[in-house]
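Examining the three-dimensional arrangement
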Amino acid sequence: MKNLKQTILEGIPSEIPKKRNLNTNVSHAPNRKDILNKDEKKLAIRNALRYFPIEMHEELAPEFTEELKTYGRIYMYRFMPEYEIKARHLEDFPYKSKQAAAIQMMLSNNLDQAIAQHPEELITYGGNGSVFQNWAQYLLCMQYLAIMNDEQTLALYSGHPMGLFPSHKDAPRVVVTNGMMIPNYSKPDDWEKFNALGVTQFGQMTAGSFMYIGPQGIVHGTNITLLNAARKIDASAEDLRGKIFITAGLGGMSGAQPKAGVIAKGICIVAEINPQATYKRHEQGWVDEVYDNLDNLLDRAVTARANQEAVSIAYDGNIVDLWERVVERNIHIEIGSDQTSLHNPWAGGYYPVGMSYDSANKMMVENPVEFKKEVQKTLIRHVNAINTLTERGMYFFDYGNAFLLEASRANADILMPNGDFRYSSYVQDILGPMCFDYGFGPFRWVCASNDPKDLAITDRIACEVLEKLIKDSPDEIKLQMRDNINWIKAAGKNKMVVGSQARILYADSEGRIKIAEAFNNAIADNTISAPVVLGRDHHDVSGTDSPYRETSNIYDGSQFTADMAIQNVIGDSFRGATWVSIHNGGGVGWGEVINGGFGMLLDGSSDADKKLKSMLFWDVNNGISRRSWARNKEAKFAIKRAMEMNPDLKVTMPNTAADSLINSLDL
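Within every chain, residues take consecutive numbers counted from 1 along the sequence as written. This being a predicted model, a pLDDT of at least 70 is required before a residue's local features are given, and a value of 80 or more before pairs of side-chain atoms are given or counted; all residues contribute to the totals for chains, interfaces and linings. Each side-chain value is worked out from all heavy atoms of the structure, with water and hydrogens disregarded.

Digging into the overall build of the chain
We count it as follows: The helix and strand labels rest on DSSP assignments: H or I over at least four residues marks a helix, E over at least two residues marks a strand, and numbering proceeds from the N terminus. Only protein chains enter the accessibility calculation, which uses a 1.4 Å probe; a residue is then buried when its area is under 20% of its type maximum, exposed when over 50%, and partly exposed in between. Here, two residues are considered to be in contact whenever any of their heavy atoms come within 4.5 Å of each other. Methods summary: accessible areas were calculated by the Shrake-Rupley approach with a probe of 1.4 Å, and residue burial reflects only the protein chains presented. When charges are counted, Lys and Arg contribute as positive and Asp and Glu as negative, whereas His and the chain ends are disregarded. Each charge is placed at NZ for Lys, CZ for Arg, CG for Asp and CD for Glu.
Summing up its helical and strand segments, the chain has 22 helices and 17 strands in all. Principal-axis analysis of the C-alpha atoms places the extent of the chain at approximately 70 × 60 × 60 Å. Looking at the 667 residues of the chain, the share that counts as buried comes to 63%. Contacts spanning at least 24 positions in sequence make up 71% of the contacts within the chain whose residues lie at least 6 apart. In the structure as shown, the chain presents an accessible area of about 25500 Å², 49% of it carried by carbon and sulfur atoms. Mean positive and mean negative side-chain charge positions of the chain (70 and 82 charges, respectively) differ by 2 Å.

Quick word on the packing of aromatic side chains
Geometrically, a pair of aromatic rings is defined through the distance of the ring centres and the angle of the planes. Note the following rule: A pair of Phe, Tyr and Trp rings is counted when the ring centres sit within 6.5 Å of each other, with Trp represented by its six-membered ring. The angle between the planes then sorts it: under 30 degrees is stacked, over 60 is edge-to-face, the rest tilted.
By the definition in use, this model includes 23 aromatic pairs. Judged by centre distance (6.2 Å) and plane angle (35 degrees), the ring pair of Phe 132 and Phe 210 falls under tilted. Of this pair, Phe 132 sits in the loop between strand E2 (129-130) and helix H5 (135-147) while Phe 210 sits in the loop between helix H6 (188-196) and helix H7 (216-233), and the two are 78 residues apart along the sequence. This pair shows no difference in class: Phe 132 is buried, exactly as Phe 210 is. On the basis of an interplanar angle of 75 degrees and a centroid distance of 5.3 Å, the ring pair of Phe 397 and Tyr 399 is categorised as edge-to-face. Comparing Phe 397 with Tyr 399, the two get one shared label, buried. What links up through ring pairs into an aromatic cluster is the set Phe 245, Tyr 395, Phe 397, Tyr 399 and Tyr 426.

Here we look at the sheet that holds strand E8 (residues 289-291)
Stated formally: Strand pairing requires that DSSP identify at least two bridges connecting the strands.
If you walk across this open sheet you meet the six strands as E8-E9-E7-E6-E10-E11, and the pairing is parallel. On the outer flanks of this sheet lie E8 and strand E11 (395-396), each paired with one strand and no other. Direction of pairing for strand E6 (residues 244-248) relative to strand E10 (residues 335-336): parallel, over a ladder of two bridges. In the sheet register, Ile 246 faces E10, and the bridge partner there is Gly 336.

Considerations on helix H18 (residues 509-524)
Residues lying three or four places apart along an α-helix face the same way, a consequence of the helix completing one turn every 3.6 residues. The cut-off we apply is this: Expected helix span is given by 1.5 Å per residue-to-residue step, counting one fewer step than there are residues.
In this model H18 runs 23 Å from its N-terminal to its C-terminal C-alpha over 16 residues, within 8% of the 22 Å that 1.5 Å per residue would give. As for H18, its buried residues are in contact with strand E12 (441-447), helix H16 (452-470), strand E13 (502-507), strand E14 (532-536), strand E17 (594-602) and helix H20 (606-629).

What to know about the pairing of strand E4 (residues 160-166)
Of the strand pairs in this sheet, strand E3 (residues 152-157) and E4 are connected by six bridges, and their pairing is antiparallel. Directly across from Thr 153, in E4, lies its bridge partner Phe 165.

Notes on the environment of Lys 495
Looking at the secondary structure, you find Lys 495 in the loop between helix H17 (478-490) and E13. Along the primary structure Lys 495 and Asn 621 are separated by 126 residues, whereas in three dimensions their C-alpha atoms are 32 Å apart.

Concerning a nonpolar patch on the surface
Note the following rule: Residues qualify for a patch when their relative accessible area is over 30% and they have no salt bridge, like charges being joined within 9 Å and the nonpolar side chains of Val, Leu, Ile, Met, Phe, Trp and Tyr within 5 Å. Any Lys or Arg side-chain nitrogen found within 4 Å of a carboxyl oxygen on Asp or Glu counts as a salt bridge.
The grouping of Leu 661, Ile 662, Leu 665 and Leu 667 at the surface amounts to a nonpolar patch, some 440 Å² of accessible area in total. Residue position: Leu 667 is located in the segment after helix H22 (659-664). Taking the relative accessible area as the measure of exposure, Leu 667 reaches 89% and is therefore exposed.

Topic: the pattern of salt bridges
Taken as a whole, this structure holds 41 salt bridges when the rule is applied. Between Glu 328 and Arg 325 there is a salt bridge; the shortest N-O distance is 2.7 Å. Of this pair, Glu 328 and Arg 325 both sit in helix H11 (residues 319-329), three residues apart, which is roughly one turn of the helix. Given the relative accessible area of 25%, Arg 325 is considered partly exposed. As a salt-bridge pair, Arg 409 and Glu 406 come within 3.0 Å of each other at their nearest N and O atoms. Within this pair, Arg 409 and its partner Glu 406 are both found in helix H14 (residues 403-409), separated by three residues, close to a single helical turn. Taking relative accessible area as the criterion, Arg 409 reaches 42% and is therefore assigned partly exposed. The class for Glu 406 is buried, based on a relative accessible area of 8%. Each of Asp 295, Asp 299, Arg 325, Glu 328 and Arg 329 takes part in salt bridges that share partners, so that together they form one network.

Concerning unusual backbone geometry
The phi torsion at Asn 330 lies on the positive side, around 55 degrees, for a residue other than glycine. By secondary structure assignment, the location of Asn 330 is in the loop between H11 and E10. The class for Asn 330 is exposed, based on a relative accessible area of 53%. The residue Ala 402 is not glycine, and still its phi comes out positive at about 75 degrees. The residue Ala 402 is located in the loop between E11 and H14 in this model.

Structural notes on the packing of H11 against helix H13 (residues 368-391)
Selection criterion: Inter-axis angles, ranging from 0 to 180 degrees, are taken between N-to-C directions of lines fitted to C-alpha atoms, where helices are fitted over the stretch in contact. Crossing handedness is read from the near helix: turned anticlockwise from the far helix by less than a right angle, it gives a left-handed crossing, and turned clockwise, a right-handed one. Here the term charged refers only to Asp, Glu, Lys and Arg, the term nonpolar to Ala, Val, Leu, Ile, Met, Phe, Trp, Tyr, Cys and Pro, and the term polar to all other amino acids, Gly among them.
Across the interface, H11 lies against H13 with an axial gap of 9 Å and an inter-helix angle of 30 degrees. Read as a crossing pair, H11 and H13 show a hand that is left-handed. Together, Ile 319, Val 320, Trp 323, Glu 324, Val 326 and Val 327 of H11 and Thr 378, Arg 381, His 382, Ala 385, Ile 386, Thr 388 and Leu 389 of H13 make up the contact between the two elements. Classifying every residue of the contact of H11 with H13 by side-chain character gives eight nonpolar, three polar and two charged.

Topic: the side chain of Ser 27
Tracing the backbone shows Ser 27 in the loop between helix H1 (4-10) and helix H2 (38-49). Take Ser 27: its relative accessible area is 13%, and that puts it in the buried class. Apart from the residues lying within four places of it in its own chain, the contact partners of Ser 27 are Gln 117, His 118, Pro 119, Glu 121, Asn 274 and Gln 276.

Digging into the environment of Cys 268
Tracing the backbone shows Cys 268 in strand E7 (residues 267-272). Accessibility expressed as a relative area gives 0% for Cys 268, which makes it buried. On a C-alpha basis, the gap between Cys 268 and Leu 240 in space is 9.5 Å, while along the polypeptide they are 28 residues apart. Those residues in contact with Cys 268 that lie beyond four places of it in its chain are Phe 245, Thr 247, Gln 257, Pro 258, Gly 261, Val 311, Ser 312 and Ile 313.

Keep in mind these numbers describe shape, not what the thing actually does.
Structural data, given as structure tokens:
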């Protein structure tokens, strides 16, 4: 076997490799429905064959045809590399540009079997969040990254490496677009069709940006959400102690919920229909206990509440069975939510009650019309159980997974007489006013050495920065600062690392800049042994326009526009980002959101120092200014403070019309 560097430099092999057997020890994507007509199938095969010289076509064409028939997609399994794809030291990769090596590292981390939901289908999380559409794209992209220099930029069109183009050293090394459809072709079946044709993909949010860091990526946000949900229903609560939180989903980002619940000192019950996902999270230590008997599980949870234990419990089964048993036994539940992949309800994101996982997957392919009916019947039962429990005193919030939206489309009892949803999203109630409007969001970093010692040093540095900043922080953000300091102090003890040595920490613009500056200085003086990659979740202050999640607390009508996300990625690209990305689709679904992200390499240089200060300031304050213009009082406070800190920032401020005047008008 060739070594890693030689294999990456080869790209698509010059000879057809031997067939590969699928790994039965990893989760595989469900087969997709047969959506293409005969001529479209021919086109899909033509599209796949264009990656290979014509002398290979006769052997590959029947094989790709069989993949399309069997899986509904052409993955090119034969071309999966023999080497293990995983998080590594930056220097393990071949490169001419250190920035490009960092991108290889991050890309590999996203396909690490410990990270990826369906690694052999190149899906990182969310059931359809793809890094690439097929293995030829992966091989070609890695080759381009290995040979490019600091005056070239790689253009990635929905996983397809269009090529290396001359640019300059301050330009992004990679520009990623995913699913950028003409608006009239952005319905769920359009994704099925054009993805099957091999011309677009669903990049989710951080998957297609190579910035996913495993379930840790959402742990902090989930922890903050649960802490403040507890405070919302109980003014005396400091945390989730003595309270039960029930939710669903352990497959990707949702796998963060049990860990976050325990860190918040509560009892977290999570249902998951896919046994592989359930036991994977258990083995990784993300969930403490697993049950397949509902009564035993509920008895355990009630005892834990009485003892004020912090414990996470997984139910190996359907969430609706769990909710309905809670109703039958009249058990009080303090907080409820759901984080199944309801942005993707017809292709593996949500499963009908009363059916096994395997039989449901079979129906999904063989009888998609009936499958859709069963999903919608299940959503009605799901909502009925939740409505009963909220009438008994449970606080329920939508977790930005399109639960409310899909339940309404199923004609479940989820709407009020005026057409609004019965329940608020967690952004409306918690993260929007308490975090995003003030500029706090999920800042991330990854140690390019892949060394736990470096990660521990970054944790210490970040904590020192925040403890210094809180001394002069205004009262309006002291709670957020304290939560974040408590978080980073305990981060190492909570053993959240899966794959790369990475960390997430909610921070505002000032915090991000000061932490990044301190990292860059520590790299320069060798306190940190190798570069650090900065990034964030797209689920942040500025990166995402999503009316049912990130921008659901925008009430001026602009929540259905996508100017902010587009401005964000353009602005990041000329202010110093190492790579930028923009996607259609995300946690709430294809056609429902536009989201953008970035990655930035800190290498200890003065160039990196200049870029981080420029780009991180814009990346956050772009969103605060938009939220301020929507008349959000917290954002108005935050953007005024930002203008005081930087005299070059001048933002248009809103004037607020009196309600009495507006209500007096003859309309």
